Amino acid sequence: MSASSQPLSHLSVGGFRWSLLPDLRAQLLNADGLRLPEWLQSGQARVVKQGPHRIVYRVELPGLCFYVKHNFVHDQRAWFRQLVRPSKARIEFDRVVAAAQRGIPTIAPLALAEQETRVGSGESILITQSLEDCIPLHFFLAAVLPTFPEPRAARMRQYLASELGKLVANIHDAGILHHDLHAANLLVRVGADDRVQLFVIDLLAVKMGPPLDWKQSLENLVMINCWFTLRVNRADRLRFWKAYFQARKLGVWQRDRYGTKHYTKDLHDIEELSWQRNLRFWQRRDKRCLHNCRYYRKVKGAGVVGHAVMEIDDADIAELLRDPDAPFQQRGARVLKESQSSTVIEMDFRVNGQVRRVIYKRFRVTSWKDPLASLVRPTPALRSWIHGQGFRERGLPTARPFVVLHRRSFGMLHEGYLLTEKIAHADDLHDYLQNLDPLPAPQRSRLLRGLIDRVARTIRALHQRQLSHRDLKAANILARRWDAPPQEPSAYSQDIQNLLYMPESSVWLIDLVGVERFLELARPRKIQNLARLNASFFDSTRITRTDRLRFLLTYLNCGAFGRCDWKSWWKQVDGATLKKVERNKRRGKPLL
């Protein structure tokens, strides 16, 4: 049942002009218009997405499930746009019908309503039939596919990559340019034989025309790949490209007589442009945590200002604002660090309505220059807050910051306070290695090699995102203990429905005051980071030269792209490590 294949009836009711299937009139409308209020009251309708520009409901009636998208004219710009353009619901309705006619699997429109106004088109409503047994692709990859046993999971993943490549090729051949084509706008349905069906939704940001040329196709492929390049392995991305390449008949999928893979040239361009686009995207979003939005909010008290995530209740924020130092004197708080520059405790705090163990850190003012410096640059606490949220955006593992506060006077920021999640069942690298000592040699060796691999990959991911952590010492890297219970979802990865969810990890980078962002991270800065970590194990007998080489080869990803010059890296890291050790000896500072 679809409006694209049946004639529509037209009527005016409740201040809207309706176009809908005749047999749905009694189910959808009454004398006052859409029956949404009674569905909400009876629990048959619920909000699935909400914003200032639109609200989306899912409605479940006997024998019929559908979505209601109500578009608003929420600001002056939208009002002016409605003067010269059709309503958003009309645009999406027409494009859904056009896409279906061009053979693209998508949603089925049931009804359309436009507000009756003297000028412009006003508010609009689009009703589409629910695709049953379908879930968003990003949720399927994050929450469903990992539950499948092997080899079923591998088979499903490979088939999904090929089917997605064919679907995108068909979309481009059909002359459809989807400007918002990402994993959340693709639905997947798994059949009884593990065959999958893919559907495209949210066709408002679509342009119809002749088959896409390569320039348009490349831009669209980069948009798609931006999400997948962080969460899907290289083999499956290559499998996607092969299916797309062959479906669009871009050439012959084979090497030439000299062994050259000409079919991968465009793929390399897609991968490189995807990283560039992601870097620009992350840079734009880094300051979101300093503004009011759906994820963060500004908070203010008597002489105290700051920011908090939405999961923290107003009452708990108000208590912290009254006296940010009070938690350091409360019962149950465990002191983890006490120094001239900072104090760190572990305590209980409510997050999203549940009491959790958290880390609370106070940044002291150690010089009269510190408040003055806050006028021109972010404070250490604020840098930790920004980089902590930025790590989450970039898919890097860290302890998620919940609240940042500062005492303020005369416009200057003084003491800072940072509340972050507590990573459960984790030790820093020194403690992790020490706990391996009682184990049998084969088990100890296996666990150590796994740790080296995970840490090297994490630091490589950090540098790929053009970030540097100048204090990358063993004490600032946490690893899940080998004897920890089965993994529990951490605070920053519970919202898998979020397109930018943070995948689970067993290694975390903490204490992000020393993190810096670069347009292009130079090799000397990478050397400094690696040398700082290497210096932490300078006198350690638990880490051998072979272990250090294994770490370096994994960090450089040697073998993935041919031979690598690991010897020059080894010499430079070794030289920088010796300089760091001598400098700390002169200053009397320990190598943590």
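It should be noted that the structure appears before, not after, this text.
Structure report, in brief. Computed from a prediction, not measured in an experiment: that's the story for all the values here.

1. Structural notes on the overall build of the protein chain
And then number 1: A count of helical and extended segments in the protein chain gives 17 helices and 26 strands.
And then number 2: Its C-alpha atoms give the protein chain a radius of gyration of 28 Å, within 12% of the compact-globule value 25 Å for 592 residues.
And then number 3: Dimensions along the principal axes, computed over C-alpha positions, put the protein chain at roughly 85 × 75 × 45 Å.
And then number 4: A total of 592 residues make up the protein chain; the buried ones form 48% of that total.

2. What about helix α7 (residues 214–231)?
And then number 1: Over its 18 residues, α7 runs 25 Å from end to end, which matches the ideal 26 Å to within 8%, given 1.5 Å per residue.
And then number 2: At N225, α7 is bent by approximately 40 degrees, the largest bend along its length.
And then number 3: With a side-chain oxygen positioned 3.3 Å from the backbone nitrogen of K215, the residue opening α7 is D213.

3. Overview of the side chain of K88
And then number 1: Residue placement: K88 occurs in helix α4 (residues 88–101).
And then number 2: Setting aside chain neighbours within four positions, we find K88 in contact with N71, R81, Q82, S124 and L204.

4. A look at the pairing of strand β16 (residues 304–309)
And then number 1: Burial within β16 is extensive, with six of its six residues counted as buried.
And then number 2: A two-sided burial pattern is seen for β16, the buried positions comprising V304, G306 and A308 on one face and V305, H307 and V309 on the other.
And then number 3: Bridging between strand β15 (residues 296–301) and β16 involves six bridges; their strand directions are antiparallel. Residue pairing across strands places Y296 opposite V309, the latter belonging to β16.
And then number 4: The loop that links β15 with its antiparallel partner β16 comprises two residues; one of these, G303, has a positive phi angle of about 75 degrees.
And then number 5: Two elements, β16 and strand β20 (residues 401–409), share five bridges in a ladder whose sense is antiparallel. Considered in β20, the bridge of V305 is made with H406.

5. Remarks on a nonpolar patch on the surface
And then number 1: A contiguous nonpolar patch, built from W79, F80, L83, V84 and V119 and spanning about 500 Å² of accessible area, is present on the exposed surface.
And then number 2: Owing to a relative accessible area of 45%, F80 belongs among the partly exposed residues under this scheme.

6. A word on the state of the cysteines
And then number 1: This model, assessed by the stated rule, comprises one disulfide.
And then number 2: For the unlinked cysteine C289, the closest cysteine sulfur is that of C293, found at 8.6 Å.

7. Brief notes about α4
And then number 1: In this model α4 runs 20 Å from its N-terminal to its C-terminal C-alpha over 14 residues, within 8% of the 20 Å that 1.5 Å per residue would give.
And then number 2: The set of residues buried in α4 consists of K88, A89, I91, E92, F93, V96, V97, A98 and A99.
And then number 3: Summarising the contacts, the buried residues of α4 are in contact with β7 (64–71), α3 (76–84), β8 (108–115), β9 (124–129), β11 (176–178) and β14 (206–208).

8. A look at the packing of α7 against helix α9 (residues 265–285)
And then number 1: At their nearest, the axes of α7 and α9 sit 8 Å apart, and the two run at 65 degrees to each other. α7 and α9 meet at a crossing whose hand is right-handed. Where α7 abuts α9, its residues W214, L218, L221, V222, M223, N225, C226, T229 and L230 lie against D266, I270, E271, L273, S274, W275, R277, N278 and W282.
And then number 2: Counted by class, the contact of α7 with α9 contains eleven nonpolar, four polar and three charged residues.

9. A look at the environment of L36
And then number 1: Position of L36 among the secondary structure elements: in helix α2 (residues 36–42).
And then number 2: Remark: the alpha-carbon pair of L36 and R46, spanning ten residues in sequence, is separated by 9.8 Å.
And then number 3: Excluding residues that lie within four positions of it along the chain, L36 makes contacts with A45 and Y57.

10. A word on the sheet that holds strand β10 (residues 135–136)
Within a sheet, each strand pairs with its neighbour through backbone hydrogen bonds, oriented either parallel or antiparallel.
And then number 1: One open sheet holds the three strands; their spatial order is β10-β12-β13, and the pairing between them is antiparallel. The open sheet has two edge strands, β10 and β13 (196–200), and neither has a second partner.
And then number 2: Bridge analysis of strand β12 (residues 186–190) against β13 gives five bridges, and the strand direction is antiparallel. Bridging across to β13, V190 finds its partner in V196.
And then number 3: The strands touched by helix α6 (residues 152–173) are β12 and β13; relative to β13, the strand with the most contacts, the crossing angle is about 35 degrees.

11. Some details on the nonpolar core
And then number 1: Formed by 48 residues in total, the largest nonpolar core has its most connected members in L164, V200 and F228.
And then number 2: The greatest single-element share of this core, amounting to nine residues, is contributed by α6.
And then number 3: If we ignore the near neighbours within four places in the chain, the residues touching L164 are L137, L186, L198, F228 and F240.
And then number 4: Counting 36 residues, the second-largest nonpolar core is a separate cluster that includes I452, V507, L530 and V573.

12. Regarding the sheet that holds β15
And then number 1: Here we have seven strands laid out as an open sheet, ordered β15-β16-β20-β21-β19-β18-β17, and antiparallel in their pairing. The open sheet terminates on both sides in strands that have one partner only, identified here as β15 and β17 (334–338). Adjacent strand axes in the sheet meet at a mean angle of 25 degrees when their direction is disregarded.
And then number 2: With seven bridges connecting them, β20 and strand β21 (residues 412–421) associate as antiparallel partners. Within β21, the residue paired with P401 across the bridge is T420.
And then number 3: Sheet strands in contact with helix α12 (residues 380–393) are β15, β16, β19 (354–363), β20 and β21, and its direction is about 155 degrees off that of β20.

13. Overview of the environment of S87
And then number 1: Within the fold, S87 resides in the loop between α3 and α4.
And then number 2: Sequence separation between S87 and E114 is 27 residues, and the spatial gap between their C-alpha atoms is 7.1 Å.
And then number 3: With near-sequence residues (within four places) excluded, S87 lies in contact with Q82, E114, S121 and S124.
And then number 4: Within polar-contact distance, the side chain of S87 engages the side chain of E114 at 2.7 Å.

14. Describing the packing of aromatic side chains
And then number 1: What the rule picks out here adds up to 15 aromatic pairs.
And then number 2: An aromatic cluster is built from W214, F240, W241, Y244, F245, W253 and Y263, whose rings are joined through pairwise contacts.
And then number 3: In this arrangement the basic side chain of R152 is found over the ring face of F148, its NZ or CZ atom lying 3.9 Å from the centre.
And then number 4: Over the ring of F328 we find R362; its NZ or CZ atom is 4.1 Å from the centre of that ring.

15. Here we look at the packing of α7 against helix α8 (residues 234–247)
And then number 1: Taken N-terminus to C-terminus, the directions of α7 and α8 make an angle of 155 degrees; their axes are 12 Å apart at the nearest point. Judged by the inter-axis angle, α7 sits roughly antiparallel to α8. For α7 against α8, the interelement crossing comes out right-handed. Along the contact surface, α7 presents W214, S217, L221, N225, F228 and T229, while α8 presents R237, F240, W241 and Y244.
And then number 2: Taken together, the residues of the contact of α7 with α8 break down into six nonpolar, three polar and one charged.

Reading guide: rules and limits
- Residues numbered from 1 in each chain as written.
- Predicted model: local features only at pLDDT ≥ 70, side-chain atom pairs only at ≥ 80, totals over all residues.
- Heavy atoms only, no water.
- Helix = DSSP H or I, 4+ residues; strand = E, 2+ residues; numbered from the N terminus.
- Rg over C-alpha atoms; globule rule 2.2 N^0.38 Å.
- Buried < 20%, exposed > 50% of the residue type's maximum accessible area, 1.4 Å probe, protein only.
- Expected span 1.5 Å × (residues − 1).
- Bend = angle between axes of the 7 residues up to and from the residue.
- Polar contact = N/O pair within 3.5 Å; in protein donor to acceptor, adjacent residues only side chain to side chain.
- Contact = heavy atoms within 4.5 Å.
- Pairing = 2+ DSSP bridges.
- Patch = residues over 30% accessible without salt bridge, like charges linked within 9 Å, V, L, I, M, F, W, Y side chains within 5 Å.
- Areas by Shrake-Rupley, 256 points an atom, 1.4 Å probe, with all protein chains shown as cover.
- Salt bridge = Lys/Arg side-chain N within 4 Å of Asp/Glu carboxyl O.
- Disulfide = S-S within 2.5 Å.
- Axes fitted to C-alpha atoms, helices over the stretch in contact; angles between N-to-C directions.
- Left-handed = near helix turned anticlockwise from the far one by under 90°.
- Nonpolar A, V, L, I, M, F, W, Y, C, P; charged D, E, K, R; others polar.
- Core = buried A, V, L, I, M, F, W, Y, C linked by side-chain atoms within 4.5 Å.
- Phe/Tyr/Trp six-rings, centres within 6.5 Å; stacked < 30°, edge-to-face > 60°.
- Lys NZ or Arg CZ within 6 Å of the ring centre and 35° of its normal.
- Parallel < 35°, antiparallel > 145°, perpendicular 65-115°, else oblique.

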